[in-house]
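Summary of structural features
Spelled out, the chains give:
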Amino acid sequence: MNIVVLVKQVPDSGADRNLRNDDNTVDRGSANNVINEMDEYAIEEALKIKEAHGGEVTILTMGPDRATESIRKALSMGPDKAVHVLDDALHGSCAVATSKVLAAALGQLNADLVICGAESTDGRVQVMPHMIAERLGVAALTGARKLTVDGATLTVERQTEEGYEVVTASTPAVVSVWDTINEPRYPSFKGIMAAKKKPVQTFSLADLGVAPTEVGFDGATSAVVEHSKRPPRSGGAKITDEGEGGVKLVEFLATEKFV
Amino acid sequence: MSEVLVVVEATKEFGVKKVTLEMLTLARELGTPSAVVLGGTGAAEALSAKLGEYGAEKIYAAEGDDIDGYLVAPKATVLAELVKRVQPAAVLLASAQEGKEIAARLAVKLDNGILTDVVGLAADGTATQVAFAGSTIVKSKVTKGLPLVTVRPNSVTPAPAAATPAIEQLTVSVTDTDKLATVVERVAEQKGSRPELTEAGVVVSGGRGVGNADNFKLVEELADLLGGAVGASRAAVDSGFYPHQFQVGQTGKTVSPQLYVALGISGAIQHRAGMQTSKTIVAVNKDGEAPIFELADFGVVGDLFKIVPQAAEEIRKRK
Ligand SMILES: Cc1cc2nc3c(=O)[nH]c(=O)nc-3n(C[C@H](O)[C@H](O)[C@H](O)COP(=O)(O)OP(=O)(O)OC[C@H]3O[C@@H](n4cnc5c(N)ncnc54)[C@H](O)[C@@H]3O)c2cc1C
Ligand SMILES: Nc1ncnc2c1ncn2[C@@H]1O[C@H](COP(=O)(O)O)[C@@H](O)[C@H]1O
């Protein structure tokens, strides 16, 4: 099976994150940039399918130069090769334009199965898998907590508000995974060394037949008008329990009219 | 005034969800709200009274197995046709998995901008969003097409405004490409009488400090006394204390209740990501240095196994 895993580089969600003041985009320059956490689960799932059914795993990333670090890190887990969509005109792209670019790249990669994270931690938008599937005219099975591959049939179990549901589709398809699906492996030393030699192909917009005016700020379908930091919460009263902690807690809740 | 389409979120068990009423309230600021019900046969009829109570002047219904038996693609197709026909002033969906997914497909179909996790929407279409785990407030606008936004639950207070909506059944004609992802089974899990986590006015969450699954009864008891939902940290979920669907945080649910009670939770940044826009935060933790106290309006340093039962007893006394 020819599997493509979508990997996005994002600012570390464990640290302070900001928008840039000059153009309102995510500040990636000063941030510690990492692989979007959920995409590691996508990589793991792809590798497991390859191990069970054979095939090839390709990483696909759209992002600036520095995304190369994340691509190498992804490759060190075990995928075979990577494609990096890199073009200065991409800066400032909205989700709609990003999906156009990723779909164009996927069009050239002939994937049977596209696996991605259910959402990215910078935008938390959760839209990319369906946008891409819509453009490619293939099925999207999203938010998988379990994926079974049987020949060309994919079966996914996904959590819903009420419980869970089981959905199926045939390849080609896009599957997005939640972090409950598996436990991503750590890259081995051998894997890290091997990743340095794995092929990383670069696609420009011209290679994909996408006009620069369709992406970036020119092609954006939405814009951030302004942004500000929310004033940080400040802690209020803190008491130490000396036998009356529970009662004091309820007294507080009562003054706030919760009891 | 132009129509504003509100895509209804509802469940079989509880009917119209609160976020739908919030969207209807928000929609009235922008135009005349029309509710869109996408579901099984008879869904709109069952929901119409409630939708009318909150100002839906009209209900568009697309019903049946072609809508209900597949993941979101058919819903997006029907909605795209409707948008082209009625040219609404805006389209509002819930910022939950399905709402975002329908919106995603709609954005591509119409080549239209999309804004997710919106907590406020001005008459000129400027949306307020909360980004980066609640640390940043963003004002943004759709610059291509109409305002297509997904609204985060608990963002506005639903206000009734009586209307008597007529139901217009839409013709459902979906393509084979829309029917590629088939739902083969839907399993409802026992929820009990507690409110839904993202919509609850009170959330009581337990963390690793709760110790084991059995002890979560303490968390549930306090939640029930306060009429709230139960949440859990990822550490509690990963340790098998409580099911994943109740996880609060970056890779779980985002909640924004009036009151959030954190029991035995340290307050890691990924946990805060899902709860720090709560109105009032209360924490119980035996470690006085735990970061959760930095955001707690009221914190008790001590053993939750002593404090929580005592608090429960005190609430019962006062009732
Ligand atoms: C990519 C990523 C995504 C993540 N997503 C989430 C997420 O969605 N949600 C989430 O919650 N976390 C998430 N995390 C994990 C997060 O970093 C923390 O590990 C987690 O929130 C810790 O949970 P906890 O506070 O319950 O456990 P701990 O950090 O272990 O804290 C337990 C607390 O309980 C206290 N305690 C112990 N016993 C008692 C007692 N008897 N009485 C009172 N207090 C007691 C201790 O003092 C301690 O502060 C994520 C992490 C990563 C890397
Ligand atoms: N620029 C990108 N390059 C590669 N993959 C991406 C990109 N943006 C989003 N994705 C993928 O789409 C998933 C969902 O992202 P999102 O819709 O932004 O929440 C992510 O987990 C990634 O797998």
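This report concerns the structure included in the present document. (Residues numbered from 1 in each chain as written. Chains lettered and ligands numbered in written order. Predicted model: local features only at pLDDT ≥ 70, side-chain atom pairs only at ≥ 80, totals over all residues. Heavy atoms only, no water.)

Focus: the overall build of chain B
A tally of regular secondary structure across chain B gives 9 helices and 17 strands. Against the compact-globule benchmark of 20 Å for 319 residues, chain B has a radius of gyration of 21 Å, which places it among compact chains. Each principal axis of the C-alpha distribution contributes one length, and for chain B these read about 60 × 40 × 40 Å. By residue count, 63% of the 319 residues in chain B fall in the buried class. (Helix = DSSP H or I, 4+ residues; strand = E, 2+ residues; numbered from the N terminus. Rg over C-alpha atoms; globule rule 2.2 N^0.38 Å. Buried < 20%, exposed > 50% of the residue type's maximum accessible area, 1.4 Å probe, protein only.)

Considering the overall build of chain A
Secondary structure assignment for chain A yields 8 helices and 13 strands. Along the first, second and third principal axes, the C-alpha set of chain A runs to 65 × 45 × 40 Å. Burial status across chain A gives 53% buried among its 259 residues. In chain A, the share of contacts with a sequence separation of at least 24, taken over all contacts with a separation of at least 6, comes to 73%. For chain A, the exposed surface amounts to about 10,900 Å²; the carbon and sulfur share of it is 50%. Positive and negative side-chain charges of chain A, numbering 27 and 37 respectively, have mean locations separated by a distance of 3 Å. (Contact = heavy atoms within 4.5 Å. Areas by Shrake-Rupley, 256 points an atom, 1.4 Å probe, with all protein chains shown as cover. Lys, Arg positive; Asp, Glu negative; His and termini not counted. Charge placed at Lys NZ, Arg CZ, Asp CG, Glu CD.)

Side note on the sheet that holds strand β17 (residues 298–301) of chain B
With parallel pairing, 6 strands are arranged side by side in an open sheet as β13(A)-β17(B)-β16(B)-β15(B)-β13(B)-β14(B). Because the sheet does not close on itself, it has two edges, and the strands there are β13 (237–240) of chain A together with β14 (229–232) of chain B. Between one strand and the next, the sheet's axes are offset by a mean angle of 15 degrees, whatever the strand orientation. Bridge analysis of strand β13 (residues 202–206) of chain B against β14(B) gives 4 bridges, and the strand direction is parallel. (Pairing = 2+ DSSP bridges. Axes fitted to C-alpha atoms, helices over the stretch in contact; angles between N-to-C directions.)

Here's the deal with the pairing of strand β7 (residues 115–121) of chain B
Each regular strand displays side chains that alternate between the two surfaces of the sheet. All names here are of chain B. In terms of burial, β7 is largely enclosed, as 6 of its 7 residues are buried. In the sheet, β7 pairs with strand β10 (residues 148–151) via 2 bridges, with the strands oriented parallel. Looking at β10, one finds that Val118 is bridged to Val151. Pairing between β7 and strand β8 (residues 127–131): 3 bridges, direction antiparallel. For Gly120, the partnering residue across the bridge sits in β8 and is Thr128. Counted between consecutive antiparallel strands, the loop separating β7 from β8 contains 5 residues, among which Gly125 sits at a positive phi close to 90 degrees.

Points about the environment of Arg158(A)
Mapping Arg158(A) onto the fold places it in strand β8 (residues 153–159). By relative accessible area, which is 5% here, Arg158(A) ends up buried. In sequence terms Arg158(A) and Met131(A) are 27 residues apart; their C-alpha atoms lie 19 Å from each other. The residues touching Arg158(A), leaving out its near neighbours within four places in the chain, are Thr142(A), Gly143(A), Arg145(A), Gly163(A), Tyr164(A), Glu165(A), Val167(A), Leu71(B), Gln97(B) and Glu101(B).

Observations concerning the sheet that holds strand β12 (residues 222–229) of chain A
Ordered by their spatial adjacency, 10 strands build an open sheet running β12(A)-β9(B)-β8(B)-β7(B)-β10(B)-β6(B)-β1(B)-β4(B)-β5(B)-β11(B), and the pairing between neighbours is mixed. Where the open sheet ends on each side, the last strands, each with one partner, are β12 of chain A together with β11 (166–169) of chain B. Across this sheet, the average inter-strand angle for adjacent strands is 35 degrees, counted without regard to direction. Where strand β1 (residues 3–7) of chain B and strand β6 (residues 90–94) of chain B come together, 3 bridges link them in parallel fashion. Residue Val6(B) lies in a different strand from β6(B), and its bridge partner there is Leu92(B).

As for the site of ligand 2
All names here are of chain A. Near ligand 2 there are 18 residues, and of these Leu6, Asp39, Ser120, Gln126 and Met128 occur at the shortest range. Measuring from an oxygen atom of ligand 2, one finds a backbone N or O atom of Leu6 at 2.9 Å. Note that an oxygen atom of ligand 2 is positioned 2.9 Å from one of the backbone N or O atoms of Gln126. Expressed as a share of its isolated accessible area of 480 Å², the protein-covered part of ligand 2 is 98%. Secondary structure elements with two or more residues in the shell around ligand 2: β4 (56–62), α3 (95–109) and β6 (113–117). With 3 residues, the top contributor of residues to the shell around ligand 2 is β4. Class assignment of the residues belonging to the shell around ligand 2 gives a composition of 9 nonpolar, 6 polar and 3 charged. (Near = heavy atom within 4 Å. Polar contact = N/O pair within 3.5 Å; in protein donor to acceptor, adjacent residues only side chain to side chain. Nonpolar A, V, L, I, M, F, W, Y, C, P; charged D, E, K, R; others polar.)

Section: the site of ligand 1
All names here are of chain B. Around ligand 1, a shell composed of 26 residues is seen, among which Arg208, Ser233, Ser266, Gln270 and Asn285 lie nearest. Asn285 is positioned such that a nitrogen or oxygen atom in its side chain is 2.7 Å from an oxygen atom of ligand 1. Leu304 is positioned with one of its backbone polar atoms (N or O) 2.9 Å from a nitrogen atom of ligand 1. A total of 990 Å² of accessible area belongs to ligand 1 in isolation, and the protein chains cover 80% of it. Each residue belonging to the shell around ligand 1 can be placed in one class, and the counts come to 6 nonpolar, 14 polar and 6 charged.

Comments concerning the packing of helix α6 (residues 216–225) of chain B against helix α9 (residues 304–318) of chain B
Residues and elements named next belong to chain B. Contact geometry for α6 and α9: axes closest at 10 Å, N-to-C directions at 25 degrees. For the element pair α6 / α9, the angle class is roughly parallel. Considering how the two elements wind past one another, α6 and α9 form a crossing that is left-handed. Listed contacts from α9 to Leu218, Glu221, Leu222 and Leu225 of α6 are Leu304, Phe305, Val308, Pro309, Ala312, Ile315 and Arg316. Looking at the contact of α6 with α9, its residues break down into 9 nonpolar, no polar and 2 charged. (Parallel < 35°, antiparallel > 145°, perpendicular 65-115°, else oblique. Left-handed = near helix turned anticlockwise from the far one by under 90°.)

Brief notes about helix α4 (residues 73–86) of chain B
Residue and element names in this part refer to chain B. Helix length check: α4, at 14 residues, gives a terminal C-alpha distance of 20 Å against a target of 20 Å (1.5 Å per residue), a fit within 8%. Buried residues dominate α4, accounting for 11 of its 14 residues. Along α4, the residues classified as buried are Ala73, Pro74, Lys75, Ala76, Thr77, Val78, Leu79, Ala80, Leu82, Val83 and Val86. Tucked inside the fold, the buried residues of α4 contact β1, β4 (32–39), β5 (58–63), α3 (65–68), β6 and α5 (97–110). (Expected span 1.5 Å × (residues − 1).)

Details of the nonpolar core
Leu60(A), Val85(A), Leu5(B), Leu79(B), Val91(B) and Leu148(B) are the most contacted members of the largest nonpolar core, which has 60 residues in total. Those residues in contact with Leu79(B) that lie beyond four places of it in its chain are Leu5(B), Val7(B), Val36(B), Leu93(B), Ile102(B) and Leu106(B). (Core = buried A, V, L, I, M, F, W, Y, C linked by side-chain atoms within 4.5 Å.)

Focus: a nonpolar patch on the surface
Residue and element names in this part refer to chain A. Together, Phe189, Ile192 and Met193 line one region of the surface with nonpolar side chains, adding up to about 310 Å² of accessible area. With respect to the helices and strands, the residue Ile192 is situated in helix α5 (residues 189–195). For Ile192, a relative accessible area of 38% gives the class partly exposed. (Patch = residues over 30% accessible without salt bridge, like charges linked within 9 Å, V, L, I, M, F, W, Y side chains within 5 Å. Salt bridge = Lys/Arg side-chain N within 4 Å of Asp/Glu carboxyl O.)

Structural notes on helix α2 (residues 43–53) of chain B
Residue and element names in this part refer to chain B. Within the span of α2, buried status applies to Ala43, Ala44, Leu47, Ser48, Leu51 and Gly52. The arc that holds the buried residues of α2, viewed along the axis, is 140 degrees, so those residues lie on one side. Within α2, the exposed residues directed more than 90 degrees away from the buried face are Glu45, Ala46 and Ala49. Just beyond α2, the residue with positive phi is Gly55, at close to 100 degrees. (Arc of directions from axis to C-beta.)

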